[in-house]
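As a plain string of letters, each chain reads:
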Amino acid sequence: MAIFSRGFSGRPRESNPDLPPGQFLTEDFPVLSAGPTPRLDTADWKFEIKTETGQTLSWNWDELTALGLEDVHTDIHCVTRWSKLGTDWRGISLDKLFEDAETSFDFVMVHSYGGYTTNLPLEDLMNGQAWIATEFGGEPLEPDHGGPARLLVPHLYFWKSAKWVRGITMQRTDSPGFWEQNGYHIYGDPWREERYW
Amino acid sequence: MTFRDWLVGTVVSTTMQTPTAKSIVLDVPGWKGSAAGQHVDVRLTAEDGYQAVRAYSLASTGPGDRVELAVDLIEDGEVSPYLVGELREGDQLEFRGPLGRWFVWKPGDTQPVQLVAGGSGVVPLLAMARAHAASGSEAKFRLLYSVRTPAEVFYADELASLAGPNFEVTFVYTRQTPPGWPHPAGRVSREILGSATIPAAENPAVFVCGPTGFVESVADWLVELGHNALAVKTERFGGN
């Protein structure tokens, strides 16, 4: 049972059903990163999927964007408690990228330029739930928000949507990535408030 | 008790650090201490059960029953106006933590440490300077502190007393300097950063904390100045 805070009334109640527990709305787009922002040139950029069979699927920038961008209209939720509703992205569906992947593993480690990693179950990336996003709000994605390309998995807390994404490696077990080793939850469902472990 | 459980602290003292910022010392029986640089979630509950939670860096570090926060007022905020304007001695405050294991300095770390603060971003860095002093660590420490005016310096007296051969403090005033200050007011530049911080060649661990725009600029320049990006840890607040 919580104690009451003498003299605290709070803001007018936000009874927005789109807002997960413990989150507040922001019109801003705050930045959460562990270190400096990598500056990447799309001319040198590539994205790879590696599986346990030794298979490597690889795309350069032109090859990736030629797969076709989808419009994604979605809410995003950061573990630091801000949520942004109705954001507009464009990106390449992970379903397309995994079409030819040969794997029986159930988990992935996502790698970023700059060394950041995050872990997810593969099923959270499939069936129209995840994209490699290259545009936000009709513009190319800015570097501090993960540009030129970031993972977009909006049904999980936003640290899972790895910035500056470089590739995905299949893994047998759900080994923790960077933030997960530094105190954040292994899965990160905002509707169950899976912030820390 | 784990860091996931909500704890109750009793306010034993508050101090206005600047015209808009207040430090708050809580008595928390059974507190297991924190590492320098960690933060807590603070939870407020209204009479109708409505709750608001925000994260604040800890100024305190190490063991003991005392927990110290320092909170800067955000004009249109929901939690900081209450903490800065209303909370007083004897009140109870709920929080949980300590949280975060990345933006942390430990006394066993022997490499040089460069701290770079923008405004209220100095709070977790002060915790590191306190831990450095309390442990007798011989690691070289340096702080570059960007602040608008002399009146807005957090923990000014304590920073002055902590400063010494092993802890050099440099201020950059962005709006107004003290009388007779040798430099005009202005923002941190790449040149200032290059001349007033531990050089990349000494392989320092670097901790940068402040508003997003400040941290973005500083972190970019540090990389340009030759620092290993993996040795530069950042904590940002606010949007863009």
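Criteria and cut-off values
Residues numbered from 1 in each chain as written. Chains lettered and ligands numbered in written order. Predicted model: local features only at pLDDT ≥ 70, side-chain atom pairs only at ≥ 80, totals over all residues. Heavy atoms only, no water. Helix = DSSP H or I, 4+ residues; strand = E, 2+ residues; numbered from the N terminus. Rg over C-alpha atoms; globule rule 2.2 N^0.38 Å. Buried < 20%, exposed > 50% of the residue type's maximum accessible area, 1.4 Å probe, protein only. Contact = heavy atoms within 4.5 Å. Lys, Arg positive; Asp, Glu negative; His and termini not counted. Charge placed at Lys NZ, Arg CZ, Asp CG, Glu CD. Pairing = 2+ DSSP bridges. Axes fitted to C-alpha atoms, helices over the stretch in contact; angles between N-to-C directions. Phe/Tyr/Trp six-rings, centres within 6.5 Å; stacked < 30°, edge-to-face > 60°. Lys NZ or Arg CZ within 6 Å of the ring centre and 35° of its normal. Expected span 1.5 Å × (residues − 1). Domains from an automatic or database assignment. Buried area = accessible area lost by both parts, 1.4 Å probe. Salt bridge = Lys/Arg side-chain N within 4 Å of Asp/Glu carboxyl O. Core = buried A, V, L, I, M, F, W, Y, C linked by side-chain atoms within 4.5 Å.

*Asks:* Please provide a residue-by-residue account of the overall build of chain A, values included.
*Replies:* From N to C terminus, chain A includes three helices and eleven strands. For 197 residues, the compact-globule estimate of 2.2 N^0.38 gives 16 Å, and chain A sits close to it at 18 Å. The buried share among the 197 residues of chain A stands at 55%. In chain A, 67% of the contacts between residues at least 6 apart in sequence involve partners at least 24 apart. Between the mean site of the 17 positive side-chain charges and the mean site of the 30 negative ones, chain A shows a separation of 9 Å.

*Asks:* Quick one: what's the story with the sheet that holds strand 9 (residues 167-173) of chain B, residue by residue and with numbers?
*Replies:* Residues and elements named next belong to chain B. The strand order across the open sheet formed by five strands is 9-8-7-10-11, and the pairing between neighbours is parallel. The open sheet has two edge strands with one neighbour each: strand 9 and strand 11 (232-237). In this sheet, adjacent strand axes meet at a mean angle of 10 degrees when their direction is disregarded. Across six bridges, strand 10 (residues 205-211) lies against strand 11 in parallel orientation. Opposite V208, over in strand 11, you have T234 as the bridge partner. Packed onto the sheet, helix 2 (residues 122-135) meets strand 7 (113-118), strand 8 (141-147), strand 9, strand 10 and strand 11 and runs at close to 155 degrees relative to strand 8. Across the sheet, helix 5 (residues 212-224) lies against strand 7, strand 8, strand 10 and strand 11, angled at about 155 degrees from strand 10, the strand it touches most.

*Asks:* Please set out the packing of aromatic side chains residue by residue, giving values where relevant.
*Replies:* According to the stated counting rule, one finds 21 aromatic pairs over all chains in the structure shown. A network of ring pairs unites the aromatic residues Y116, Y157, W159, F178, W179, Y184 and Y196 of chain A together with W102 of chain B as a single cluster. Above the face of the W6 of chain B ring, R43 of chain B is positioned so that its terminal group lies 4.3 Å from the ring centre. Here the guanidinium or amino end of R54 of chain B rests over the ring plane of F24 of chain A, the centre of that ring lying 3.8 Å away.

*Asks:* Give a description of helix 5 of chain B that names residues and reports values.
*Replies:* Residue and element names in this part refer to chain B. Taking 1.5 Å per residue as the helical rise, helix 5 with its 13 residues ought to reach 18 Å, and the 18 Å between its terminal C-alpha atoms agrees with that figure. Within the span of helix 5, buried status applies to T212, F214, V215, E216, V218, A219, D220 and L222. In this structure, the buried side of helix 5 is in contact with strand 7, strand 8, helix 4 (190-196), strand 10 and strand 11. G226 occupies a position one or two residues after helix 5 and carries a positive phi of about 105 degrees.

*Asks:* Explain the pairing of strand 6 (residues 92-99) of chain B to me, and be specific about the residues and the numbers.
*Replies:* All names here are of chain B. Counting buried positions along strand 6 yields seven of eight residues, so the element is predominantly enclosed. Where strand 1 (residues 7-18) meets strand 6, four bridges bridge the pair, whose relative direction is antiparallel. Residue pairing across strands places V8 opposite E94, the latter belonging to strand 6. Sheet topology note: the strand 3 (residues 39-45)/strand 6 ladder contains four bridges and is antiparallel. Directly across from V42, in strand 6, lies its bridge partner F95.

*Asks:* Just give me the short version of the domain arrangement of chain B, but keep the residues and values in it.
*Replies:* All names here are of chain B. Considered domain by domain, chain B is made up of domain 1 (7-99) and domain 2 (113-237). Here domain 1 and domain 2 have C-alpha centroids that lie 24 Å from each other. On the side of domain 2, 14 residues touch domain 1, which itself brings 16 residues to the contact. Interface of domain 1 and domain 2: buried area, both sides summed, is about 1200 Å²; carbon and sulfur atoms make up 60% of it. The interface formed by domain 1 and domain 2 contains one salt bridge. Of the charged contacts in the structure, one is a salt bridge between R130 and E68, with a shortest N-O distance of 2.9 Å.

*Asks:* Describe the pattern of salt bridges, naming the residues involved and giving the relevant values.
*Replies:* Inspection of every chain in the model, using the stated rule, returns 25 salt bridges over all chains. Among the salt bridges present, the one from R192 of chain A reaches E194 of chain A, with a minimum N-O distance of 3.3 Å. For R96 of chain B, the salt bridge is made with D41 of chain B, and the minimal N-O distance between the two is 3.5 Å. Note that R96 of chain B is positioned in strand 6 and D41 of chain B in strand 3, a separation of 55 residues in sequence. Of the two residues, R96 of chain B and D41 of chain B, neither departs from the other in class, the shared state being buried. Look at the salt bridges and you will find they share partners, linking R81, E193 and R195 of chain A together with D41 and R96 of chain B into a network.

*Asks:* If you had to explain the sheet that holds strand 2 (residues 21-27) of chain B to someone new, which residues and values would you point to?
*Replies:* All names here are of chain B. Within the open sheet, the six strands sit side by side as 4-3-6-1-2-5. Their pairing is antiparallel. Since the sheet does not close on itself, it has two edges, and those belong to strand 4 (51-57) and strand 5 (66-72), each with one partner. Taking each pair of neighbouring strands and ignoring which way they run, the sheet shows an average axis angle of 40 degrees. Summarising the sheet, strand 3 and strand 4 pair through seven bridges and their orientation is antiparallel.

*Asks:* Provide a residue-level description of the nonpolar core, including the pertinent values.
*Replies:* Counting 54 residues, the largest nonpolar core has L94 and L125 of chain A as its most contacted members. If we skip the residues at most four places from it in the chain, L125 of chain A touches L94, D95, V108, L120, A130, L151, V153 and I168 of chain A.

*Asks:* Quick one: what's the story with the interface of chain B and chain A, residue by residue and with numbers?
*Replies:* Listed per partner, the contact involves 46 residues of chain B and 35 residues of chain A. When chain B packs against chain A, the two sides together hide about 3400 Å² of surface, and 50% of this comes from carbon and sulfur. Taken together, the links from chain B to chain A amount to five salt bridges. Ionic pairing is found between R81 of chain A and D41 of chain B, a salt bridge with its closest N-O pair at 3.1 Å.

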